[in-house]
Amino acid sequence: MNKTIRQLTLKRQFAEKRFKFYGQASLFLALIMLVVIISSMTYRSIPAFTNYGLNLNINLSQNNIDKDNINYRRLIRENIFLLDSGCEDRKCRREFSRLFSSGAAYELKDSLENDPSLLKKDFRKFILFSDDADLFYKFGIDKNLPENERRLSDREISWLSDFQEAGLVEKRFSTNFFTNGDSREPEIAGVLGAVVGSLYTILITLIISFPIGVLSAIYLESFAKKNRLTDFIEVNINNLAAVPSIVFGLLGLALFINFFGMPRSAPLVGGCVLSLMTLPVIIIATRASLQAVPPSIREAALAMGASEMQVVFQHLFPAALPGILTGTIIGLARAFGESAPLLLIGMVAFVVDIPGSVTDPATALPVQVYLWADSPERAFVAKTSAATLVLIFLLIVINLAAVILRKKYQLKW
Amino acid sequence: MVDSMNKNIETNGVRSSISDNPLIDCQDVDVYYGDKQALYSVCLGINEKEVTSLIGPSGCGKSTFLRCLNRMNDVIDTCSITGCIKINGEDIYDPNIDVVELRSRIGMVFQKPNPFPKSVFDNVAYGPRLHGRIIEKADMSNKVEESLVRAGLWDEIKDRLNEPGTSLSGGQQQRLCIARAIAVDPQIILMDEPCSALDPIATAKIEELIDELKAKYTIVIVTHSMQQAARVSQRTAFFHLGSLIEVGDTENIFRSPENEQTEAYVTGRYG
């Protein structure tokens, strides 16, 4: 064999091997990063999924309670002091009751309203510790620090240790985290409000941007004449896709809230703003998938006497559907993880109630993450990671839906 | 250069010798793609229930001409057509003509088989359904069977009607496309190099089919194979550089062409 040809061949083979190695290395790096992110998030979020509490005896059989006017806070306080606090003065009593979550009164209210027969009984109720006590059981506390620099005083620490020795303390899976809205108290704060807010927002985004995006893409692709106007529109759609999302937030604030007078902090407005952001993505994806349909199909249908509209809806659209769905879902997933424009339209508000409709005040999951990350209480650190995990999990579900839908509607050529 | 050629062609304008009352009558058809002229005053008549083949080197405008006959060029924005094409004495470029209705009378078979990504049955039933001609299920089955029988495909695939049309072999796909075209009982079938993507056996089958179909339909076929033109067509038209050079009975075109260019092309010295 000719020597130079042999050298060239070797060189080419080596280049190919080298390129393959680069590809594998970058894939490996990407995977490592993904694993690091997910595992560190998971590790840090573990404390958020459990709560420490105490099984408190609630004695209602002796008391004669006025059904219509119950002071639940007082009920809890009275029963707390049946425990051995050893307190004489007011200050001590306040310190003792501070060990327990202020959410306990609401939970007692819920269980009494669900089961009024309890009003005449003695029963045991699991009440949560406050976040500082909870953290004490989870991580312990550094006793070498001077007392006034600690979150818990020596007296509080000794109470908590006593509870533990008496076997009163119980660790439970924190259902609160999945069933509650936001709260100032980390131990009862949950993501449900944010999840529901996010889902409402995304629903509005989908309802607005999917039909508008797909129809405008179909029109531009199949019906519009190619002229300066359509060129101009095309350039602008591509530009819109590159506009920073916060600009859409400003636009939404000025247009939807100030001009149209839509409610502040509502998923309706959030959805409208995010649709502005998602529209160009959907339009571009739809046009690309319509262009990818083999022109022979269009010709075949036209030659059979189909009108332009029949060609589009009987042939091009079904063939392009997998691509359209993928593009739409990628756009929605991006909108789902978006926080900046929502901050501007007031979805950053502190909302405790689970939103019941698209006009109720709500926050979205990414905004919730931002809010918690910004909170001073140490217990919110774990909550932040846990909320991020929920966000990632929902995004995975959405992307999985994209894969399944694409597989389902894929046509065989 | 284009101008001088143009003049040359105009002075050479060819009129075919044709029966008094052709089914398709084209007069001075000019086609432009933007500024570029693709056809120069083509005058051609096509007889009923005959196979007319259009031959010529690549880019000579035969496909463009074929596509004028069912107005498939309409979908190209830059394409403009002048002149007059009459089918059954009716100007098909008249503004009052419904293109959809026109195309339902003129079937077309393309170079590359292009069945829809649907079942074989749905492919054939597409036209009748589209035009609302057949509503009863039993009638539709009959129509599909009849079309597939006529396209010579029934015996091969009668058990595979529910499989996607795209799963058939290339030759079967092309015959499926022919079956799809004849399912709406067109008067004319246009074929744009229907065998160029097929092997010789599939080609032979299609040619046989064309021969049978001419009893019922008028067929215009564009082909690069002169043997094919000689085998299947009764009349042949030779195009070159956008103009019709010569048209006549196939035998005459191949045995004793009047024009030098035609002779050079059909004897393989040129093009």
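Residues numbered from 1 in each chain as written. Chains lettered and ligands numbered in written order. Predicted model: local features only at pLDDT ≥ 70, side-chain atom pairs only at ≥ 80, totals over all residues.

Draft legend 1. Just the overall build of chain B, in detail. On a plain count of helices and strands, chain B comes out with eleven helices and ten strands. The C-alpha atoms of chain B give 19 Å as radius of gyration, which agrees with the globular expectation for 271 residues (18 Å, within 12%). Per-residue burial for chain B yields a buried fraction of 45% across its 271 residues. In chain B, once contacts between residues fewer than 6 apart in sequence are set aside, the share between residues at least 24 apart is 69%. (Helix = DSSP H or I, 4+ residues; strand = E, 2+ residues; numbered from the N terminus. Rg over C-alpha atoms; globule rule 2.2 N^0.38 Å. Buried ≥ 20, exposed ≤ 12 C-beta atoms within 10 Å, placed from the backbone. Contact = placed C-beta atoms within 7 Å.)

Draft legend 2. The arrangement of the overall build of chain A in detail. The secondary structure content of chain A amounts to 16 helices and three strands. The globule rule puts the C-alpha radius of gyration for 413 residues at 22 Å, and the 30 Å found for chain A is more than 25% above it. Taking all 413 residues of chain A together, 36% fall into the buried category. A separation of at least 24 residues holds for 78% of the contacts in chain A among residues at least 6 apart in sequence.

Draft legend 3. Layout of the interface of chain A and chain B. Taken together, the contacts link 18 residues of chain A with 20 residues of chain B. Elements with a minimum of two residues in the side of chain A that touches chain B: helix H12 (295-303) and helix H13 (308-336) of chain A. The element contributing the most residues to the side of chain A that touches chain B is H12 of chain A, with six residues. Across the side of chain A that touches chain B, the residue classes tally to nine nonpolar, five polar and four charged. (Nonpolar A, V, L, I, M, F, W, Y, C, P; charged D, E, K, R; others polar.)

Draft legend 4. Spatial organisation of helix H11 (residues 267-291) of chain A. All names here are of chain A. With 25 residues, H11 extends 34 Å from end C-alpha to end C-alpha; this agrees with the ideal 36 Å at 1.5 Å per step. Largest kink in H11: about 35 degrees, centred on Thr278, with the proline Pro280 one to four residues after it. Extensive coverage of H11 is indicated by the burial of 22 of its 25 residues. (Expected span 1.5 Å × (residues − 1). Bend = angle between axes of the 7 residues up to and from the residue.)

Draft legend 5. Molecular detail of the confidence of the model for chain B. Residues and elements named next belong to chain B. With 92% of its residues at a pLDDT of at least 70, chain B reaches an overall mean of 86. No element of chain B has a lower mean pLDDT than helix H1 (residues 2-12), which averages 39, and none a higher one than strand E8 (residues 218-222), which averages 94. At the level of chain-chain contacts, confidence expressed as ipTM amounts to 0.85, with global pTM at 0.83. (pLDDT = per-residue confidence, 0-100.)

Draft legend 6. Region of the structure containing helix H1 (residues 3-45) of chain A. If you check H1 of chain A, its first and last C-alpha atoms are 63 Å apart, about what 43 residues at 1.5 Å a residue would give, namely 63 Å. Burial within H1 of chain A is sparse, with just one of its 43 residues counted as buried.

Draft legend 7. The arrangement of the packing of H13 of chain A against helix H16 (residues 379-409) of chain A in detail. Residues and elements named next belong to chain A. Remark: H13 packs on H16, axes separated minimally by 8 Å, with the N-to-C direction vectors making an angle of 175 degrees. In terms of orientation, H13 lies roughly antiparallel with respect to H16. For the pair H13 and H16, the contacting residues are Leu321, Pro322, Leu325, Thr326, Ile329, Leu332, Ala333 and Phe336 in the first and Leu394, Leu395, Ile398, Asn399, Ala401, Ala402, Leu405, Arg406 and Tyr409 in the second. Looking at the contact of H13 with H16, its residues break down into 14 nonpolar, two polar and one charged. (Axes fitted to C-alpha atoms, helices over the stretch in contact; angles between N-to-C directions. Parallel < 35°, antiparallel > 145°, perpendicular 65-115°, else oblique.)

Draft legend 8. Representation of the sheet that holds strand E4 (residues 79-87) of chain B. All names here are of chain B. An order of E2-E1-E4-E5 is seen for the four strands of this open sheet, with the pairing classed as antiparallel. The strands lining the two open edges of the sheet, one partner per strand, are strand E2 (36-46) and strand E5 (90-91). Summarising the sheet, strand E1 (residues 24-33) and E4 pair through eight bridges and their orientation is antiparallel. Across the sheet, residue Cys26 finds its bridge partner in E4, namely Ile85. (Pairing = 2+ DSSP bridges.)

Draft legend 9. Spotlight on the nonpolar core. Leu365 of chain A together with Ala179, Ile189, Leu190, Ile219 and Val220 of chain B are the most contacted members of the largest nonpolar core, which has 162 residues in total. Considering every element that reaches this core, the biggest residue donor is H11 of chain A, with 13 residues. Beyond its immediate sequence surroundings of up to four residues, Leu365 of chain A is in contact with Val191, Ala194, Val195, Ser198, Ala387, Val390 and Leu391 of chain A. (Core = buried A, V, L, I, M, F, W, Y, C linked by C-beta atoms within 7 Å.)

Draft legend 10. Layout of the pairing of strand E6 (residues 106-109) of chain B. All names here are of chain B. Covered by surrounding structure in E6 are Ile106 and Met108 together with Gly107 and Val109, the residues of both alternating faces. Of the strand pairs in this sheet, E6 and strand E7 (residues 188-192) are connected by four bridges, and their pairing is parallel. Within E7, the residue paired with Gly107 across the bridge is Ile189.

Draft legend 11. Representation of the pairing of E7 of chain B within the structure. Residue and element names in this part refer to chain B. Burial analysis of E7 places five of its five residues in the buried class, which makes it a mostly covered element. Residue alternation in E7 divides its side chains into two sets, Ile188, Leu190 and Asp192 and Ile189 and Met191, and both sets are buried. Relative to E8, E7 runs parallel, the two being bridged by five bridges. Each residue of the ladder has a partner; that of Met191, found in E8, is Ile221. Considered for its hand, the β-α-β crossover made up of E7, helix H8 (residues 200-213) and E8 is right-handed. (Right-handed = clockwise from strand over helix to strand, strands pointing away.)

Draft legend 12. Structural detail: the environment of Gly268 of chain B. All names here are of chain B. By the element assignment, Gly268 lies in the segment after helix H11 (260-266). Classification of Gly268 by C-beta neighbours within 10 Å gives exposed; the count is 8. The spacing of Gly268 and Met226 is 42 residues in sequence and 9.2 Å in space, taken between C-alpha atoms.

Draft legend 13. Quick peek at the sheet that holds strand E3 (residues 169-173) of chain A. Residues and elements named next belong to chain A. With antiparallel pairing, the three strands of this open sheet are ordered in space as E2-E1-E3. Of all the strands in the sheet, the pair left with one neighbour each is strand E2 (122-128) and E3. Neighbour-to-neighbour, the strand axes of this sheet turn through a mean angle of 40 degrees, independent of strand direction. Relative to E2, strand E1 (residues 50-59) runs antiparallel, the two sharing seven bridges. Its bridge partner lying in E2, Ile58 is registered against Phe123.

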